[in-house]
Amino acid sequence: MGEQRRGGCAVRDHSERERREWEVEKESGEAAEEPLRAGLRFDLQAIADWVLPGERVLDLGCGDGALLAYLTQEKGVVGYGIENDLNKVIACLERGVNVIQSDLDRGLAGFEDGFFDRVIMSQALQAMHNTQGILQEMLRVGREAVVSFPNFAFWKHRKSVLEGRMPVSESLPHQWFNTPNIRFFTVADFVTLCELLDIVVFEWRGFDDEGRALSPADDLNFLAALAIARLGRR
Amino acid sequence: MVGRSVGVVTPQRMVFEEPLVLRSGAVLPRYELVYETYGELNAAKSNAVLVCHALSGSHHVAGYYADDPRNVGWWDNFVGPGKPLDTRKFFVIGVNNVGGCFGSTGPRSIDPTTGEPYGSRFPFVTVEDWVEAQARLADRLGIAEFAAVIGGSLGGMQALSWALQFPDRVRHVLAIATTPKLSAQNIAFNEVARQAIMSDPDFHGGDYYRYGVVPKRGLMLARMIGHITYLSDDAMAEKFGRTLKYGEVRFSYDVEFEIESYLRYQGEKFSRYFDANTYLLTTRALDYFDPAAEYGGDLAQAFARAEAEFFVLSFSTDWRFSPVRSREIVAALVHSEKRVSYLEIESRAGHDSFLLEHPHYHAAVRAYLNGVRV
């Protein structure tokens, strides 16, 4: 699978072994089951698993509000989303999710220190100008932060670059000339930045490009197409 | 325009014989409110929406009068079948506030104790007093709870105040182009407007009715000042620029620039129908509004008792009540754990934007109100 769906010119060929593995898993039902659990996208579900009932949650770049709608309904959180795209704000309004329109690159001014239990940023950090600033802001207004991002060191991306082309895949669906992503970093790079900013990574979760959860023992920097980190201060 | 007009409407009048005790301590022994309604109140009486007017607005929110078809409601683009505030779903009420000059008891009304117009003796009214009077109208109409209270500018202050004064009587608040309190600059503009009125020789200390005159020059000036604050610098530049009325300067103090012509026209038109005392009272109500004051300035604490869900909207070029002021409201609501959404609309029209038809603005209100259960 993948070649046709992904289109474009990159990640053209999967190895025979990889394809056989995928077919075995498809038959066992795992591949189809995981991403559909509870109707939430697999990465959002992984984030939701970390949220405790009744928490105060801030979701940065909340998109259409799917995660917050789920968290409000299933975990009774007091949740707010921040989104700058008008159409996404309207989608949130339609589903009754609290949404505050704001440009994240301008920080989280106006929010009190430590007001939120958890500040989430799902697949948006790579599109931020002020990467360091927003990470610091997340841990200023929140006790814990959760950040998910595409891992540019995923082995298929490495292969793609070795073959001379920028990676295009489901986790990096854009071409180099139209991608909204402006920061290209890896799991290992992120670890280094956290050390620099005195941020502790409490926990990692990784997923391959089919949305399958990797084991904590796996080398996420090599095997994860998408990585999720739970962060805090010492 | 998306949607249809509500069509021909007829104002109604409600008489209140029970005294209204005002925040100032003064008492209105009896009063009348004129109002209009659009749409149908459902059997459960759960679909009522109150629209609160701003400085120059009235109960005539939408539609037109059979005998005066050109007199279209001030928010006709917003209220009607298929419009953002859809009268096929909601029963909408517009009411002229106490102290107004469109038929509700105000300074022009006869004071029963003297048999003369109230004039200077009309008591000061506040946003809270208006909300109290509106709640009594709701009582009489059998409306225990509003699905939503909506207002822009000063109307937005009333909407916010509803959530604080009657937490269990309003489910949603739409506060548009408003502020939690006036800034010193806002009050300064109001003061200049008031001085313009009060220094007019025809003002007679507020009792001009007695002399058969109105402080027309003062009211006109007040409106001209107001208009400057309703428009953005961009909008003024775009609409008028430095365009000369006669194509060349004439070295006179008559109208030379188009902007002067516009302001004079707006001021003159306004001074023909608006009451100067109502203008004074209303600007003071604006000045006094500050729900956080009794909580040591802590707006989040002031909102603590609210139970409504809020939708706050601002406009990018509004410098009278700028987006910063709306974000203060939003931050306070978040910090008191209230349900709130916020949107800043990109608009070039300044404070006036809230009255105009803007696709993003209307789409957002429509989306929010779609989610309001009745």
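Residues numbered from 1 in each chain as written. Chains lettered and ligands numbered in written order. Predicted model: local features only at pLDDT ≥ 70, side-chain atom pairs only at ≥ 80, totals over all residues. Heavy atoms only, no water.

**Quick look at the overall build of chain A**
Right, so step 1: When helices and strands are tallied, chain A shows 10 helices and 7 strands.
Right, so step 2: Sorting the 234 residues of chain A into buried and exposed places 50% on the buried side.
Right, so step 3: Per element, the accessible surface of chain A, about 11,200 Å² overall, is 50% carbon and sulfur. (Helix = DSSP H or I, 4+ residues; strand = E, 2+ residues; numbered from the N terminus. Buried < 20%, exposed > 50% of the residue type's maximum accessible area, 1.4 Å probe, protein only. Areas by Shrake-Rupley, 256 points an atom, 1.4 Å probe, with all protein chains shown as cover.)

**Some points on the confidence of the model for chain A**
Right, so step 1: When pLDDT is averaged along chain A, the result is 86, and 84% of the positions lie at 70 or above.
Right, so step 2: In this model, residues 1-37 of chain A is a region of pLDDT below 50 whose contacts with residues beyond four sequence positions or in other chains number 46 contacts. (pLDDT = per-residue confidence, 0-100. Contact = heavy atoms within 4.5 Å.)

**Topic: a nonpolar patch on the surface**
Right, so step 1: Together, Val161, Met166, Trp176, Phe177 and Phe184 of chain A line one region of the surface with nonpolar side chains, adding up to about 610 Å² of accessible area.
Right, so step 2: Looking at where Val161 of chain A falls in the secondary structure, it is placed in helix H8 (residues 155-162). (Patch = residues over 30% accessible without salt bridge, like charges linked within 9 Å, V, L, I, M, F, W, Y side chains within 5 Å. Salt bridge = Lys/Arg side-chain N within 4 Å of Asp/Glu carboxyl O.)

**Focus on the packing of helix H4 (residues 42-50) of chain A against helix H5 (residues 66-75) of chain A**
Residues and elements named next belong to chain A.
Right, so step 1: Between H4 and H5, the shortest axis-to-axis distance is 11 Å and the interhelical angle comes to 40 degrees. Between H4 and H5, the interaxial angle falls into the category oblique. The handedness of the crossing between H4 and H5 comes out as right-handed. Taking contact as the criterion, the partners of Leu44, Gln45, Ile47, Ala48 and Asp49 in H4 are, on H5, Leu67, Tyr70, Leu71 and Lys75.
Right, so step 2: Tallied by class, the residues present in the contact of H4 with H5 amount to 6 nonpolar, 1 polar and 2 charged. (Axes fitted to C-alpha atoms, helices over the stretch in contact; angles between N-to-C directions. Parallel < 35°, antiparallel > 145°, perpendicular 65-115°, else oblique. Left-handed = near helix turned anticlockwise from the far one by under 90°. Nonpolar A, V, L, I, M, F, W, Y, C, P; charged D, E, K, R; others polar.)

**So, the packing of aromatic side chains**
The geometry of an aromatic ring pair comes down to the distance between the two centres and the angle between the two planes.
Right, so step 1: In this structure the tally under the stated criterion is 34 aromatic pairs over all chains.
Right, so step 2: Note on Trp176 of chain A and Phe177 of chain A: the rings are 5.5 Å apart at their centroids and 90 degrees apart in plane angle, and the pair reads as edge-to-face. Of the two residues, Trp176 of chain A and Phe177 of chain A, neither departs from the other in class, the shared state being exposed.
Right, so step 3: A ring pair is formed by Phe16 of chain B and Tyr31 of chain B, whose centres lie 4.8 Å apart and whose planes are at 5 degrees; its orientation type is stacked. Here Tyr31 of chain B lies in strand S4 (residues 31-38) and Phe16 of chain B lies in strand S1 (residues 12-16), a separation of 15 residues in the sequence.
Right, so step 4: Taking relative accessible area as the criterion, Tyr31 of chain B reaches 0% and is therefore assigned buried. (Phe/Tyr/Trp six-rings, centres within 6.5 Å; stacked < 30°, edge-to-face > 60°.)

**As for the interface of chain A and chain B**
Right, so step 1: Of the residues lining the interface, 20 residues belong to chain A; the matching set on chain B comes to 20 residues.
Right, so step 2: Where chain A abuts chain B, roughly 1,800 Å² becomes buried across the two surfaces, and 58% of that area is made up of carbon and sulfur atoms.
Right, so step 3: Per-residue buried area on chain A facing chain B is highest for Leu86, Leu93 and Gln101 of chain A; these three make up 31% of the total on that side.
Right, so step 4: Taken together, the connections running from chain A to chain B amount to 1 salt bridge.
Right, so step 5: The closest approach of N and O atoms between Arg56 of chain A and Glu337 of chain B, which form a salt bridge, is 2.4 Å.
Right, so step 6: At the level of elements, strand S2 (78-83), helix H6 (86-94) and strand S3 (99-101) of chain A are the ones that each hand at least two residues to the side of chain A that touches chain B.
Right, so step 7: It is H6 of chain A that contributes the most residues to the side of chain A that touches chain B, 5 residues altogether. (Buried area = accessible area lost by both parts, 1.4 Å probe.)

**What to know about the pattern of salt bridges**
Right, so step 1: All chains considered together, the criterion is met by 37 salt bridges over all chains.
Right, so step 2: Between Glu128 of chain B and Arg23 of chain B there is a salt bridge, and its shortest N-O distance comes to 3.0 Å. Of the two residues, Glu128 of chain B sits in helix H1 (residues 127-140) while Arg23 of chain B sits in the loop between strand S2 (20-21) and strand S3 (27-28), which places them 105 residues apart along the sequence.
Right, so step 3: Judged by relative accessible area, Glu128 of chain B falls into the buried class, the value being 16%.
Right, so step 4: Between Glu145 of chain B and Arg171 of chain B there is a salt bridge, with its nearest N and O atoms 2.4 Å apart. Residue Glu145 of chain B is located in the loop between H1 and strand S11 (146-152), and its partner Arg171 of chain B is located in strand S12 (residues 170-176); the two are separated by 26 residues in the primary sequence.
Right, so step 5: On the accessibility criterion, Glu145 of chain B (28% relative accessible area) is partly exposed.
Right, so step 6: Each member of the salt-bridge network shares a partner with another, and the members are Glu55, Asp117, Arg118, Arg143, Glu144, Glu203 and Arg230 of chain A.

**Details of the pairing of strand S13 (residues 309-315) of chain B**
All names here are of chain B.
Right, so step 1: Judged by how many residues are buried, S13 sits mostly within the fold: 6 of 7 residues are covered.
Right, so step 2: Relative to strand S14 (residues 340-345), S13 runs parallel, the two sharing 6 bridges. Along S14, the bridge assignment pairs Phe310 with Val340.
Right, so step 3: For the crossover that starts at S13, traverses helix H9 (residues 323-335) and ends in the parallel S14, the hand is right-handed. (Pairing = 2+ DSSP bridges. Right-handed = clockwise from strand over helix to strand, strands pointing away.)

**A word on the environment of Phe303 of chain B**
Residue and element names in this part refer to chain B.
Right, so step 1: Secondary-structure assignment places Phe303 in helix H8 (residues 299-303).
Right, so step 2: Note on Phe303: relative accessible area 2%, which makes it buried.
Right, so step 3: For Phe303 and His172, which are 131 residues apart along the polypeptide, the C-alpha to C-alpha distance reads 14 Å.
Right, so step 4: Aside from chain neighbours lying at most four places away, what touches Phe303 is Leu160, Leu164, Phe310, Ile329, Ala332, Leu333, Ser336 and Lys338.

**Some points on unusual backbone geometry**
Right, so step 1: Located in the positive-phi region is Gln123 of chain A, a residue other than glycine, with phi close to 50 degrees.
Right, so step 2: You can see Gln123 of chain A is positioned in the loop between strand S4 (116-122) and helix H7 (131-141).
Right, so step 3: The phi angle at Ser153 of chain B is positive, at roughly 60 degrees, despite the residue not being glycine.
Right, so step 4: Structurally, Ser153 of chain B can be placed in the loop between S11 and helix H2 (154-165).
Right, so step 5: By relative accessible area, Ser153 of chain B is classed as buried at 6%.

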